[in-house]
Amino acid sequence: QVQLVESGGGLVQAGGSLRLSCAASGRTFSVYTMGWFRQAPGKEREFVACINWIGGSTTYTDSVKGRFTISKDNAKNTVFLQMNSLKPEDSAVYYCAAANGWPGARGPYDYWGQGTQVTVSS
C-alpha cells in the first residue's frame, strides 16, 4: 500500500499563488506516476496534472497549462503542484494520486489522498 498526504491548500485571491504538496509513504518503490486531480462542488473529479516518477515527463489539462507546474522530489517521496495566476474556477478539493503504471489523464490511479481545499476568491 501507498499512503498519500496532501498539504498546502487554503484561501487565496484571484491572481494569487498556492503550492500544494503530497507526501508518499509505504510501498513507494512501486509508484511510477503521481498526479493531481480536483473536484468542485456539483462537478465530477477532473484530471489536473501528472508526472512520471522516473523520467519526470509531465502532462497537464489544457485549462492549467502555463499556470500550474507539477514537480517532484524523489528523495522526499513528495510531489508538488505550484499554482499561479489562480482563478475562481480553480476552486476545488485537490487530490493527490499515485499509480503503479502510466495512466496519464485517463487513469485509473491506484492510490488517493484525502484531499486539500483550494478556494480562490474573486
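Anything mentioned here points back to the structure above.
Residues numbered from 1 in each chain as written. Predicted model: local features only at pLDDT ≥ 70, side-chain atom pairs only at ≥ 80, totals over all residues. Heavy atoms only, no water.

### As for the pairing of strand β4 (residues 33-39)
In regular strands, side chains alternate between the two faces of the sheet. Counting buried positions along β4 yields six of seven residues, so the element is predominantly enclosed. As paired elements, β4 and strand β5 (residues 46-52) share six bridges and run antiparallel to each other. Across the sheet, phenylalanine 37 pairs through a bridge with phenylalanine 47, a residue of β5. Hairpin geometry of β4 and β5 is characterised by an intervening segment of six residues between the two adjacent antiparallel strands and by a positive phi of about 80° at glycine 42. As judged from the seven bridges shared by β4 and strand β9 (residues 92-99), these two strands associate in the antiparallel manner. By the bridge assignment, arginine 38 is partnered in β9 with tyrosine 94. (Buried < 20%, exposed > 50% of the residue type's maximum accessible area, 1.4 Å probe, protein only. Helix = DSSP H or I, 4+ residues; strand = E, 2+ residues; numbered from the N terminus. Pairing = 2+ DSSP bridges.)

### Focus: the nonpolar core
Of all hydrophobic cores here, the largest spans 30 residues; its most connected members are Leu4, Met34, Trp36, Val79, Leu81, Met83 and Tyr94. When residues of this core are traced back to their parent elements, those giving at least two are β1 (2-7), β3 (18-26), β4, β5, β7 (68-73), β8 (78-83), β9 and β11 (116-121). Those residues within four positions of tyrosine 94 in sequence are excluded, and the remaining contacts are Glu6, Leu20, Trp36, Phe37, Arg38, Val48, Phe68, Leu81, Met83, Gly115, Thr116 and Val118. (Core = buried A, V, L, I, M, F, W, Y, C linked by side-chain atoms within 4.5 Å. Contact = heavy atoms within 4.5 Å.)

### Quick word on the state of the cysteines
Overall, the coordinates contain one disulfide when judged by the stated rule. Each sulfur in the disulfide pair cysteine 22 and cysteine 96 lies 2.0 Å from the other. Across the S-S bond linking cysteine 22 and cysteine 96, the dihedral sits near -80°, which makes this disulfide left-handed. With cysteine 22 in strand β3 and cysteine 96 in strand β9, this residue pair connects regions lying 74 residues apart in the sequence. Left without a disulfide partner, cysteine 50 is nearest to the cysteine sulfur of cysteine 96, which lies 12 Å away. By relative accessible area, cysteine 50 is classed as buried at 0%. (Disulfide = S-S within 2.5 Å.)

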